[in-house]
Amino acid sequence: KVEGEEVTGKDLTEVVSKMKGKEGTKVNITIIREGVDDPIDFTIVRQKINIPTIEHKMLDNDIGYIQILEFDEITVSQFNSAVNELEKMGIKGLVIDVRDNPGGSLDSVVNILDRLLPKCLVVYTEDKNKERENRYAKGPDKFDKPLVVLINGKSASASEIFAGAIQDYKTGTIVGTTSFGKGIVQQVIPLTDGTAVKLTVSKYYTPKGRNIHGTGIVPDVEVELADELKQMVTIPTEKDNQLQKAIEILKEQIDNIK
């Protein structure tokens, strides 16, 4: 609940809008937590926070792992720091995990692709009048080690721009299940009464001209997450069959380089 109003099953955007407010004010929420019989009430003071959007670690066999939780303004610097740290540790291959990533800032994903790709077109948008806007990675460097990107049915929007560009340029292998399929650009137009209209203004396309709205990014290697793992909030690395497949692919590619 938010301020006593039941929000179970409601659109996430609507729920978040009810929780947001002026910094320093309070909001009352009620949650159900696994293992606790009764609902729990919290009173939270609203404030600006920078949530970590990147998690990274070194796996066995000198393989780095970076999970991108969403594409926010702060994600770019967090991502670059993670890559730099892993490279200092001597990674020979990298897994980038955008499973369950709902998307976010277009600028953020373009700037992150700039760290991985040479100077090239990474995405373009086209409106109803066929007016086109191109977005480029500005190079000049590219990530020069074996790369795997993990996606699933909850990878959407900016995550699909990311995976689509990597796939089109064959910079890495896409592993997992077909992504959500949100290939449209939406704009929020404020109205004078304080409400707003969210309007679809254009479609976005991968570098090779694919609009994946309604179809998604199809992985190069399809691996369905094991049924017993689908309800787990945190999946141990050794049990994550999609991640293990990514590691297997990277180990083979690393061995071929040797």
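Residues numbered from 1 in each chain as written. Predicted model: local features only at pLDDT ≥ 70, side-chain atom pairs only at ≥ 80, totals over all residues. Heavy atoms only, no water.

## Considering the overall build of the chain
When its secondary structure is counted, the chain shows 5 helices and 12 strands. Its C-alpha atoms give the chain a radius of gyration of 20 Å, within 12% of the compact-globule value 18 Å for 258 residues. Oriented by its inertia axes, the alpha-carbon framework of the chain measures out at about 60 × 55 × 35 Å. In the chain, which comprises 258 residues, the share counted as buried stands at 39%. Across the chain, contacts joining residues at least 24 apart in sequence account for 64% of those joining residues at least 6 apart. For the chain, the exposed area adds up to about 15,100 Å²; of that, 49% sits on carbon and sulfur atoms. (Helix = DSSP H or I, 4+ residues; strand = E, 2+ residues; numbered from the N terminus. Rg over C-alpha atoms; globule rule 2.2 N^0.38 Å. Buried < 20%, exposed > 50% of the residue type's maximum accessible area, 1.4 Å probe, protein only. Contact = heavy atoms within 4.5 Å. Areas by Shrake-Rupley, 256 points an atom, 1.4 Å probe, with all protein chains shown as cover.)

## With respect to the sheet that holds strand E11 (residues 196-205)
In spatial order, the strands read E7-E6-E11-E10; together these 4 strands make up an open sheet with antiparallel pairing. Since the sheet does not close on itself, it has two edges, and those belong to strand E7 (132-137) and strand E10 (184-190), each with one partner. In this sheet, adjacent strand axes meet at a mean angle of 30° when their direction is disregarded. Two elements, strand E6 (residues 120-126) and E7, share 6 bridges in a ladder whose sense is antiparallel. When the bridges of E7 are listed, Glu 126 appears paired with Arg 132. Seen against the sheet, helix H3 (residues 106-116) touches E6 and E7 and runs at an angle of roughly 40° to E7. (Pairing = 2+ DSSP bridges. Axes fitted to C-alpha atoms, helices over the stretch in contact; angles between N-to-C directions.)

Take it as geometry only, folks, not as evidence of what the structure does.
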